[in-house]
Amino acid sequence: MENYTSVPREFNIFPFFHKADGSPLVFGMFVVFYSLGILMNVLIITLIYVDQQLHSPMYLFLCNLSLVDMCYTTTVIPKLLHILSSGNHKMSFGQCFTQMFFFFVAAGTEDLLLFTMAYDRYVAICKPLHYHTILSKKVCVICMVAMWFFASLNSCLITVPTLKMSFCRSTTIHHFYCDAKSLTKISCAGKEIFYLVMYFVLLFFGLCPFLCSLTSYAKILQVIFRITSRGGRTKAFSTCSSHLIVIMLYYSTGASVYLLPTTRYSDILDQVFTLLYATVTPTLNPLIYSLRNKDVKRAVMRLLQLKRRSTIKNAID
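1. Details of the state of the cysteines
Scanning the entire structure with this criterion turns up one disulfide. Covalent S-S linkage joins Cys 96 and Cys 178, the inter-sulfur distance amounting to 1.5 Å. Here the residue Cys 96 occupies a position in helix 3 (residues 93-126), and Cys 178 occupies one in the loop between strand 5 (172-173) and helix 6 (180-185), the gap between them amounting to 82 residues. Like Cys 96, the residue Cys 178 is buried in the burial classification. There is no disulfide at Cys 208, and the cysteine sulfur nearest it, in Cys 212, is 6.3 Å away.

Put into structure tokens, the structure is as follows:
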């Protein structure tokens, strides 16, 4: 007799490395990734907040990116660490879809944010005299509010059809978090609407922002190649190279999850690429920006000097 349930009470989360339950190496690896990601992103936000010279649209968007990256990892890794440490793979129905909702909020916000940051670089390089007029403080705040609003709407569009799926034979999700694509593999009804919504979301929240970002950089390159001075070209490249690296890293790993053909290894590949863009990339983003951005390096030095002076003053007093 077929084991059928329309609304399961709980799911079982089994990542591809579930046989390593209790392994200090696997557990420690995720603790390091999570701790490093949170620490680096908090450092970026702190630097931008305390350093007046970083109070510009570019760094306001970078601060928002750090916040999104922390949401990404916090949505996934703490529950995964609980599973690895306790060996309890069960996740309640409510926990599953709450995790899914916030994961897609972070994903949608990052898609829109990366495009906004590309547009910011376009205005800074192609229309420098109008930069503060086009990207005023009011415009930046409206952009950030709009990004989070539309990302939440995007998440609702994905999560609601998933809630209406019926599940049969198994409630085991072969992934390290409650993944919508993995749920379709154990669903026996209701996934047609989900696929229709997902194609719409991938087109308007994935492909369109990516193409707009590429268009911005195409126009940026046209302007850069017209700069006669070598130093000017180098400075222009350095202002947008970090962001371009982040865009390519994020979209290449994210697109691989949905564009790879179904094979016997597709479950493992999905998890590997999801690990890259949901845990590794958010950890690397602040490193990429800090290592390649002179303004951030100078801000770190100013903060360290200020801290040192304060320590010396307290010691003298």
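2. So, empty space enclosed by the protein
Applying the stated rule across the entire model yields two cavities of 30 Å³ or more. Reported here for the largest cavity is a volume of approximately 50 Å³. Together, Met 58, Phe 61, Leu 62, Met 117, Asp 120, Arg 121, His 243 and Tyr 289 line the largest cavity. Looking at the lining of the largest cavity, the elements with two or more residues in it are helix 2 (57-86) and helix 3.

3. Things to note about the packing of helix 1 (residues 24-50) against helix 2
Interaxial distance between helix 1 and helix 2 falls to 9 Å at its minimum, and their mutual angle equals 160°. Classified by the angle their axes make, helix 1 and helix 2 are roughly antiparallel. For helix 1 against helix 2, the interelement crossing comes out left-handed.

4. Section: helix 7 (residues 191-226)
Taking 1.5 Å of rise per residue, 36 residues should cover 52 Å, and helix 7 covers 51 Å from first to last C-alpha, within 8% of that figure. The largest bend along helix 7 measures about 30° and falls at Leu 207, with the proline Pro 209 one to four residues further on. Within helix 7 the residues assigned to the buried category are Phe 194, Val 197, Met 198, Val 201, Phe 205, Gly 206, Pro 209, Ser 213, Ser 216, Tyr 217, Ile 220 and Ile 224.

5. Here we look at helix 2
The end-to-end C-alpha distance of helix 2, which contains 30 residues, comes to 44 Å, matching closely the 44 Å that a straight helix rising 1.5 Å per residue would cover. At Thr 74, helix 2 shows its maximal kink, close to 30°; a proline, Pro 78, follows between one and four residues later. With 22 of its 30 residues buried, helix 2 lies for the most part within the structure. Phi turns positive, to about 75°, at Gly 87, one or two residues after helix 2.

6. Section: the packing of aromatic side chains
Inspection of the entire model under this criterion finds 14 aromatic pairs. Between Phe 200 and Phe 204 the ring centres are 4.7 Å apart and the planes differ by 40°, which places this aromatic pair in the tilted class. Residue Phe 200 and its partner Phe 204 are both found in helix 7; the two are separated by four residues, about one turn of the helix. According to the relative accessible area criterion, Phe 200 is partly exposed, its value standing at 41%. Here Phe 210 and Tyr 251 contribute two aromatic rings whose centre-to-centre distance is 4.7 Å and whose plane-to-plane angle is 50°, an arrangement assigned as tilted.

7. Quick word on a nonpolar patch on the surface
Residues Phe 149, Phe 150, Leu 153, Leu 157, Phe 200, Leu 203, Phe 204, Leu 207, Leu 211, Leu 214, Leu 244 and Met 248 make up a contiguous nonpolar surface patch of roughly 1000 Å² in combined accessible area. With six residues, helix 7 is the largest single contributor of residues to the nonpolar patch.

8. Here's the deal with the packing of helix 2 against helix 5 (residues 137-163)
Between helix 2 and helix 5, whose axes approach to 11 Å, the crossing angle comes to 20°. One finds that helix 2 runs roughly parallel with respect to helix 5. When you trace helix 2 past helix 5, the crossing you get is right-handed. Contact residues: helix 2 offers Pro 57, Leu 60, Phe 61, Asn 64, Leu 67, Val 68 and Cys 71, while helix 5 offers Cys 140, Met 144, Met 147 and Trp 148. Its residues assigned to classes, the contact of helix 2 with helix 5 shows ten nonpolar, one polar and no charged.

9. Regarding the nonpolar core
Nonpolar side chains in soluble globular proteins tend to end up buried together. Formed by 53 residues in total, the largest nonpolar core has its most connected members in Phe 30, Leu 62 and Tyr 72. The element best represented in this core is helix 2, accounting for 13 residues. If you look at the next biggest cluster of nonpolar residues, it comprises 21 residues, including Ile 83, Phe 104, Met 165 and Phe 205.

What counts as what
Residues numbered from 1 in each chain as written. Predicted model: local features only at pLDDT ≥ 70, side-chain atom pairs only at ≥ 80, totals over all residues. Heavy atoms only, no water. Disulfide = S-S within 2.5 Å. Helix = DSSP H or I, 4+ residues; strand = E, 2+ residues; numbered from the N terminus. Buried < 20%, exposed > 50% of the residue type's maximum accessible area, 1.4 Å probe, protein only. 1 Å grid on protein atoms, 1.4 Å probe; cavity = no way out; pocket = protein on both sides within 12 Å on 5 of 7 lines; lining within 4 Å. Points joined across faces, edges and corners; volume = space filled by probe spheres on them. Axes fitted to C-alpha atoms, helices over the stretch in contact; angles between N-to-C directions. Parallel < 35°, antiparallel > 145°, perpendicular 65-115°, else oblique. Left-handed = near helix turned anticlockwise from the far one by under 90°. Expected span 1.5 Å × (residues − 1). Bend = angle between axes of the 7 residues up to and from the residue. Phe/Tyr/Trp six-rings, centres within 6.5 Å; stacked < 30°, edge-to-face > 60°. Patch = residues over 30% accessible without salt bridge, like charges linked within 9 Å, V, L, I, M, F, W, Y side chains within 5 Å. Areas by Shrake-Rupley, 256 points an atom, 1.4 Å probe, with all protein chains shown as cover. Salt bridge = Lys/Arg side-chain N within 4 Å of Asp/Glu carboxyl O. Contact = heavy atoms within 4.5 Å. Nonpolar A, V, L, I, M, F, W, Y, C, P; charged D, E, K, R; others polar. Core = buried A, V, L, I, M, F, W, Y, C linked by side-chain atoms within 4.5 Å.

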